[in-house]
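Single-letter residue listing:
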Amino acid sequence: TGDMRGTLLVLMGAAALILLIACANVANLLLARNTARAGELALRKAIGAGRLRLVRQLLTENVVIAAAGGAAGVAFAYWGLRLLIGIAPRDIPRLAGTTVDLQVLLFACGITLAAGLLAGLAPVMVAGKIDLTTALKEGARMAGGDRQRQLFRSGLVIAEVALTFVLAFGSGLLLRSLIAAQRSKPGFDPRRVLSFSLQLPSRSYKTPEAVSGFYAALLADLRRLPGVVDASSVSCPPGAGDCGDWFYSIPGRSVPAQNEVPIALFDSADAGYFRMMRIPIPQGREFNQSDRAAGPNVAIVNETLARMWWPNEPAVGHQIKVGGPYLKGEMLEVVGVAGDVKQFGLDSQPEPDIYRPASQENDSDRAILIRTSGDPASLMTAVRGRVLALDRNLPLQRFGTIEESLGAGLARRRFSTLLLTLFAGLAVMLAAIGIYGLLSYWVTSRESEIALDRKSVV
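Residues numbered from 1 in each chain as written. Predicted model: local features only at pLDDT ≥ 70, side-chain atom pairs only at ≥ 80, totals over all residues. Heavy atoms only, no water.

What should I look at first to understand the pairing of strand 6 (residues 298-302) in this one?
On a regular strand, one side chain projects to one face of the sheet and the next to the other, so that they alternate. Burial analysis of strand 6 places five of its five residues in the buried class, which makes it a mostly covered element. Residues Val298, Ile300 and Asn302 of strand 6 are buried on one face, and the alternating residues Ala299 and Val301, pointing to the opposite face, are buried as well. Alignment of strand 6 against strand 8 (residues 331-338), held across five bridges, turns out to be parallel. When the bridges of strand 8 are listed, Val301 appears paired with Val337. Here strand 6 pairs with strand 9 (residues 353-357) via two bridges, running antiparallel. In the sheet register, Val301 faces strand 9, and the bridge partner there is Ile354. (Buried < 20%, exposed > 50% of the residue type's maximum accessible area, 1.4 Å probe, protein only. Helix = DSSP H or I, 4+ residues; strand = E, 2+ residues; numbered from the N terminus. Pairing = 2+ DSSP bridges.)

As structure tokens, this is what we get:
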């Protein structure tokens, strides 16, 4: 299940709470029902039925009721699973192939039997303690039961209401955090930005000059399209996660142990990338045409990395050693500090990031970002045509808008929040049914008392 394990455990826990609420609910209703049947049970006991016989009768009735509910639950699960697969995100592992198989059916049978026994435990325990003299008296059938039974039923109601509040508060907190994530700022402007990735084959683009020439020609063609405001390229688009990380160190600082060398994300971007994506540069400058392959090795770090190492001084002018102290790597001079970008999605925290000029990295695999003045989807055909005009054998990967990719990053969280909210709603409904059933029973059992009080008042 990969990184869905935590979510699945939370949902399994919520399902277990729902099961406990249902068992408490059914146990309470059965206890009230059997209290109302005290006269019948006492009569059976008076004519020779032993305690074991009464217990067997009640357990059989409870298991039959639970089996009917379990069968209805399996049928609902079969159709509900189709609905959940239809509305779920496509990237949840193994969800599309999920079925109600034999193991699930056996589990349902086992939990149904256990629920029937658990829910019927309380009325069964009461059945063996029936007082024949009291139960057979006139009106005992409608008696409210002794104080111990009332306290037990009240305890069951309190327990299910408490479990309901656990689910309600849990789903409320998840919903609140989801809304906060959707409203959070990603660190750049994702509006009207089209994105796609290219992988240049080494057999066709054998030299760094061929790679850089292709991307320069492509970006120039794209900028000439009507409706295109600007275009740029980067090795890893914003919000795409970890496309590559590596060790680094800061010269002049204490040498860390080999297992404590810091790691940062490493990206490469061309000149104008930060301006086009509207990522602020609070210190220094962004890359420009003077950052050539033969020139000094430079880098731009994000604010998170700058605060880590230079909290009280400008980061511009300092150096970074690629690979850390134990591996070979270039020495980079920091020429700018960029604003933090939430590379792992809207619900993540920024990680240390080091940007290098595309001219000094010359990655053959790059993402092309195009800012448009109108709807980006209207330019997809024209953009695809420009790429194919330069190389007919290049497929466009992950072709879409940045806003769509950011929204997809929250799809799993949105789906799990929806499921937990449904569980909380179901728990509230079960608790309401239980409370209503208990209050209805209490009122019915005290009808004679209420009638006498009303007569005395009149």
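Now that the structure is up, let's keep going.
What is the right way to read the nonpolar core from this model?
For soluble globular proteins, nonpolar side chains are generally found buried alongside one another. By size, the foremost hydrophobic cluster in this structure holds 22 residues, and its most contacted members are Phe196, Leu198, Phe214, Leu222, Ile368, Ile370 and Val383. Secondary-structure elements contributing two or more residues to this core are strand 1 (193-199), helix 8 (208-223), strand 2 (228-234), strand 10 (365-372) and helix 12 (380-390). Per element, the largest residue contribution to this core is six residues, and it comes from helix 8. One finds Tyr273, Val341, Leu369 and Ile402 within the second-largest nonpolar core, a separate group that totals 20 residues. (Core = buried A, V, L, I, M, F, W, Y, C linked by side-chain atoms within 4.5 Å.)

Sorry, what's going on with a nonpolar patch on the surface here?
A cluster of nonpolar side chains, Leu29, Leu426, Met429 and Ile433, forms an exposed patch at the surface whose accessible area comes to about 320 Å². Looking at the nonpolar patch, the element that brings in the most residues is helix 14 (residues 411-445), giving three residues. Positionally, Ile433 belongs in helix 14. Its relative accessible area of 43% is what places Ile433 among the partly exposed residues. (Patch = residues over 30% accessible without salt bridge, like charges linked within 9 Å, V, L, I, M, F, W, Y side chains within 5 Å. Areas by Shrake-Rupley, 256 points an atom, 1.4 Å probe, with all protein chains shown as cover. Salt bridge = Lys/Arg side-chain N within 4 Å of Asp/Glu carboxyl O.)

Looking at this model, I keep getting lost on the side chain of Ser184. Mind explaining?
Relative to the elements of secondary structure, Ser184 occurs in the loop between helix 7 (147-183) and strand 1. Residue classification places Ser184 among the buried residues on the basis of a relative accessible area of 18%. At 3.1 Å, the side chain of Ser184 forms a polar contact with the backbone oxygen of Leu346. Apart from residues lying up to four places away in sequence, Ser184 is in contact with Lys342 and Leu346. (Polar contact = N/O pair within 3.5 Å; in protein donor to acceptor, adjacent residues only side chain to side chain. Contact = heavy atoms within 4.5 Å.)

I would appreciate a short explanation of the pattern of salt bridges in the present structure.
By the definition in use, this model includes twelve salt bridges. With its nearest N and O atoms 3.7 Å apart, the salt bridge here joins Arg371 to Asp189. Taken together, the positions of Arg371 in strand 10 and Asp189 in the loop between helix 7 and strand 1 put the pair 182 residues apart, joining distant regions of the chain. Comparing Arg371 with Asp189, the two get one shared label, buried. Connected via shared salt-bridge partners are Asp189, Arg191, Arg278 and Arg371.

Just to check I follow, could you spell out the packing of aromatic side chains for this structure?
Remark: the centre distance and the inter-plane angle together describe each pair of aromatic rings, the angle taken between the planes. Summed over the entire model, instances satisfying the criterion amount to ten aromatic pairs. Ring centres 5.3 Å apart and planes at 85 degrees place the aromatic pair Tyr78 and Trp79 in the edge-to-face group. Among the aromatic residues, ring-to-ring pairing joins Tyr273, Phe274, Phe287 and Tyr355 into one connected group. (Phe/Tyr/Trp six-rings, centres within 6.5 Å; stacked < 30°, edge-to-face > 60°.)

Help me understand unusual backbone geometry in this model?
Negative phi characterises most residues that are not glycine, and trans characterises most peptide bonds. Non-glycine residue Arg278 carries a positive phi angle of around 60 degrees. Note that Arg278 resides in the loop between helix 9 (273-277) and strand 5 (283-284). A residue is classified by how much of its surface remains accessible, and Arg278, at 44% relative accessible area, is partly exposed. Residue Asn362 is not a glycine yet carries a positive backbone phi of 55 degrees. With respect to the helices and strands, Asn362 occurs in the loop between helix 11 (358-361) and strand 10.

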